[in-house]
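One letter stands for each residue in the lines below.
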Amino acid sequence: MPRTQRVRRQALVQVLLARRVVPLTDAETLWGTIASKVPDEPAETLADALTALNSDLTQIGLEARTVRDQASGDALVVLANTRGDAIAEGATAYTGAELAYVRALVDALGAPDAFSISTTDALSLSTTPPLSKRAASDLLRNLVQRGWIAERQGKYVLAPRALCELDAYLRSDENALECGSCYELVTIGERCTGEGCRGALHTVCSRDTCAACGQAWHGTPVGPS
Ligand SMILES: [Zn+2]
Ligand SMILES: [Zn+2]
């Protein structure tokens, strides 16, 4: 590999490691800046650089994925943990009480059809061993900073990074909702009003008919409204 190519990819991976979630437009701008400082011929595209980086990153349990923010539709580059239990991955950084709290929080945020918890209720989640409100407040702030949860209209929701890393875990819930247009999980959007139907759509995705029951689309909101 040419030295210039390695230097450019290293600069990119350092930003991803530091920020974990970067809007694709920012990543493109950043890649342009890196490319102007370390010129290379032929110029490698951002997509090619991410693909190349992923062959190394997957070996250490990480992967750069391009996902869409389900509320805004904006494309994001997420550096996600790919190994096993994504909650346990952070376990070394948490005390037993904090880990129990994170698990309870994820279960509350992954539960249909609310897919959210009010910021006040989040402080009172009962867990064993218990976590003080002060400690819960600090932990919630930390999870927001790490791009795991986000605050939306006075409620906490799972952020794109958590949706990425917990995809398999959240889908193991038989009530999980999958978008009939883009097939990603729906925690903010609409679900089909058809009786017993689990069809769902993101707000930014659209279909004339429900992918699950085939009826004309009539949706009712899910997630924080
Ligand atoms: Zn969708
Ligand atoms: Zn339906």
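Attention in this report is confined to the structure presented alongside it. (Residues numbered from 1 in each chain as written. Chains lettered and ligands numbered in written order. Predicted model: local features only at pLDDT ≥ 70, side-chain atom pairs only at ≥ 80, totals over all residues. Heavy atoms only, no water.)

1. Focus: the overall build of the protein
Along its length, the protein carries 9 helices and 9 strands. If you line up the protein on its principal axes, its C-alpha atoms span 60 × 50 × 30 Å. When the 225 residues of the protein are sorted by exposure, 40% land in the buried category. A fraction of 53% describes how many contacts in the protein between residues 6 or more apart in sequence connect residues 24 or more apart. (Helix = DSSP H or I, 4+ residues; strand = E, 2+ residues; numbered from the N terminus. Buried < 20%, exposed > 50% of the residue type's maximum accessible area, 1.4 Å probe, protein only. Contact = heavy atoms within 4.5 Å.)

2. Quick word on the coordination of the zinc ion (ligand 1)
In a perfect tetrahedron of four donors around a metal, the angles come out at 109.5 degrees. In a perfect octahedron of six, they are 90 or 180 degrees. The coordination sphere of the zinc ion (ligand 1), as far as protein atoms go, consists of Cys 179 (SG), Cys 182 (SG), His 202 (ND1) and Cys 205 (SG), spread over 2.1 to 2.3 Å. Each of the 4 donor atoms bound to the zinc ion (ligand 1) contributes to angles spanning 96 to 115°, and the resulting shape is tetrahedral. Counting along the primary sequence, the residues that act as donors to the zinc ion (ligand 1) give the motif C-x2-C-x19-H-x2-C. Highlighted residues: Cys 179 in the loop between α9 (167–171) and β7 (189–192) and Cys 205 in the loop between β8 (200–202) and β9 (219–222), separated in sequence by 26 residues. On the basis of relative accessibility, which here comes to 0%, the residue Cys 179 falls in the buried class. Since its relative accessible area comes to 10%, Cys 205 is described here as buried. (Donors = N, O, S within 2.8 Å, 3.2 Å for Na, K, Ca; no water. Tetrahedral: all angles 85-135°; square planar, octahedral: opposite > 155°, others 65-115°.)

3. Focus: the coordination of the zinc ion (ligand 2)
Protein coordination at the zinc ion (ligand 2): the donors are Cys 192 (SG), Cys 197 (SG), Cys 210 (SG) and Cys 213 (SG), at 2.3 to 2.4 Å from the metal. Considering all 4 donor atoms around the zinc ion (ligand 2), the spread of angles at the metal, 105 to 114°, places the coordination shape in the tetrahedral class. Considered as a linear motif, the donors of the zinc ion (ligand 2) on their single chain read C-x4-C-x12-C-x2-C. Highlighted residues: Cys 197 in the loop between β7 and β8 and Cys 210 in the loop between β8 and β9, separated in sequence by 13 residues. Take Cys 197 and Cys 210: they sit in the same class, and that class is buried.

4. Observations regarding helix α5 (residues 96–109)
Taking 1.5 Å of rise per residue, the 14 residues of α5 would be expected to cover 20 Å, and the 20 Å separating its terminal C-alpha atoms lies within 8% of that figure. What α5 keeps buried is the set Ala 97, Leu 99, Ala 100, Tyr 101, Val 102, Leu 105, Val 106 and Leu 109. (Expected span 1.5 Å × (residues − 1).)

5. Concerning the side chain of Arg 20
Take Arg 20: it is sitting in the loop between α1 (3–19) and β1 (21–23). Contact partners of Arg 20, with chain neighbours within four places excluded, come to Val 15, Leu 62, Val 77, Val 78, Leu 79, Ala 80, Asn 81, Arg 161 and Glu 165.

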